Every structure is written in C-alpha cells, then in structure tokens.
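Fold and geometry: a report
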Amino acid sequence: MALAAGGVACAQSKPQDTEVWTPVPPVVTPGAALGAAPSDAIVLFDGKDLSEWVSVRDKSPAGWKVEDGVMTVEKSRGNIETRRDFGDYQLHLEWRIPEGITGSGQYRGNSGLFLASTGPGDRGYEIQILDSYQNETYVNGQAGAVYKQHPPLANAARPPGEWQTYDIVWHAPRFSEDGSLAAPARVTVIHNGVLVQDDAAFAGETVFIGKPEYKAAHGRLPIKLQAHGDPSAPISFRNIWVRELPPRP
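About the criteria used
- Residues numbered from 1 in each chain as written.
- Predicted model: local features only at pLDDT ≥ 70, side-chain atom pairs only at ≥ 80, totals over all residues.
- Heavy atoms only, no water.
- Helix = DSSP H or I, 4+ residues; strand = E, 2+ residues; numbered from the N terminus.
- Buried < 20%, exposed > 50% of the residue type's maximum accessible area, 1.4 Å probe, protein only.
- Contact = heavy atoms within 4.5 Å.
- Polar contact = N/O pair within 3.5 Å; in protein donor to acceptor, adjacent residues only side chain to side chain.
- Pairing = 2+ DSSP bridges.

Along the polypeptide, Arg-174 turns up in strand β12 (residues 174–175). Note on Arg-174: relative accessible area 26%, which makes it partly exposed. Sequence separation of Arg-174 and Pro-246 is 72 residues, and the distance between their C-alpha atoms is 13 Å. With near-sequence residues (within four places) excluded, Arg-174 lies in contact with Asp-88, Ser-180, Leu-181, Ala-182, Ala-183, Pro-247 and Arg-248. A polar contact of 2.6 Å, which involves the side chain of Arg-174, links it to the side chain of Asp-88.

Attention now moves to the environment of Gly-78. One can find Gly-78 in the loop between β6 (70–72) and β7 (80–82). Remark: the alpha-carbon pair of Gly-78 and His-228, spanning 150 residues in sequence, is separated by 7.9 Å. What Gly-78 contacts, discounting residues up to four positions off in sequence, is Arg-57, Trp-64 and Ala-227.

Glancing now at the sheet that holds strand β16 (residues 224–225). What the five strands build is an open sheet, ordered β4-β7-β16-β9-β10; its pairing is antiparallel. Among the strands making up the open sheet, the edge pair consists of β4 (53–55) and β10 (125–129). Note that strand β9 (residues 111–116) and β10 share five bridges and pair antiparallel. By the bridge assignment, Phe-114 is partnered in β10 with Glu-126.

Next comes the structure, spelled out in structure tokens:
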C-alpha cells in the first residue's frame, strides 16, 4: 500500500489506470541507411536537381550547381530558398567545406542555414555554417551558433573535405492576434552527432549589427541557404530532407 503525503495510507491504483492506448502514433519507417530520409519526410535535395528550390531574389529557378549528387553554392546567383513554406519541423542537412579552403575567421567557408526566411537577402533566423576546424573567430559566429545570439555548446567541426551533418528541431515563433510575440522561436541542433544547441530561444531575427528583435508577425515560411560573399571557395550540400511537426502546445 502506498503512503500519501504526511504518511496517510491510500489505495494503490491498478497499473491499467495509467496506461494510455490512444491516439496511436503514426508508423514512420526509418531510412534504410544512416541519415537517409524516413518515410514521412519531404526530400528537399536528393542529388538530382533543385526543383524544390528557388532564387530568393526573384523566385526564379535556383541557379546553384548540381553535379555528382552534390549541390554547390554559386555566389553570384545569391541565396536560395525552398518553394514550400514550413512551420515546425525536423531537418536533416549535410554540408562540406572544400578541401584546401583558404582564408580565416568569417572569410573561410562561410554560409548560413536560415530556418525561416522572413524576407530578401539574409533576413530570417540563422544557424551559422562555417569552417570551424582550427579556425578562430567570435564564438557566436562559429559553426553551430545561433548567429550572433548563442555560441554552440561544443565545437564539433570536421576537417575541410569531410561531410558534416546538421540534425535540427525547429519551433517557429508564435504571435498573438494583435501581432505581439506570444512565444519565441526555439531550436535544437545536433552537429555531427554532438548536441550544440539545446532548445535555444531566439531573441529575434538574425542581424549582423545591433540587437535582434521580432520585426513582424508571420506564419509558415521557406527555409533558406546563404550564398555568402566571402572570397573563399564555395561550400557544398547534399541529402536535405524535412519532417513537418505538429505545432508545440
């Protein structure tokens, strides 16, 4: 017999009283190989074409290079974003700094993953992509950082020439009917199997100079990849997929 607070005896519940049988979670078949898209994923890049992406500038077809199953940034063509809009999601993305990369700091393999693109250029909520293998820079600007907001919990960077992974859970910000912020955006990031952002809250949209803020209420938005203007060789991507998640209560 269990004892309630204060030592008063109470009848023990049957184990069945705390069993939940419905609703039954949907069956999702994992990918056949590590990192492969599960059965309910939307594949954003499978190595064949950029049909799921458009130019941020004018919504024309994305102009980055696709060869041998890999997408490589074309810096002159600018940023690209998904044709589809997303709310909360799980994202898998693989990226590679080219072997023999030159430069240092922010001028070495710089790019960015914008979890929600709020407008042209670099507007949105950014997770930094950078060569952070033996490359010193400000810590809230290295790979895995919520750019200019949260440094990563660890530096999990692989050397240039090796493929790296981001596995991300994104919860978009929530806004009240009057447009005020009800709940901030939050993100969990696993870089090469290492937790580097643990349900981190965004203070607002990413900004290069000044303090971040939430500029305007919004709903579902595209995912954006950055063609950064640093002079180093362009980076590459492969195997990008997303699973939409029900909104967090």
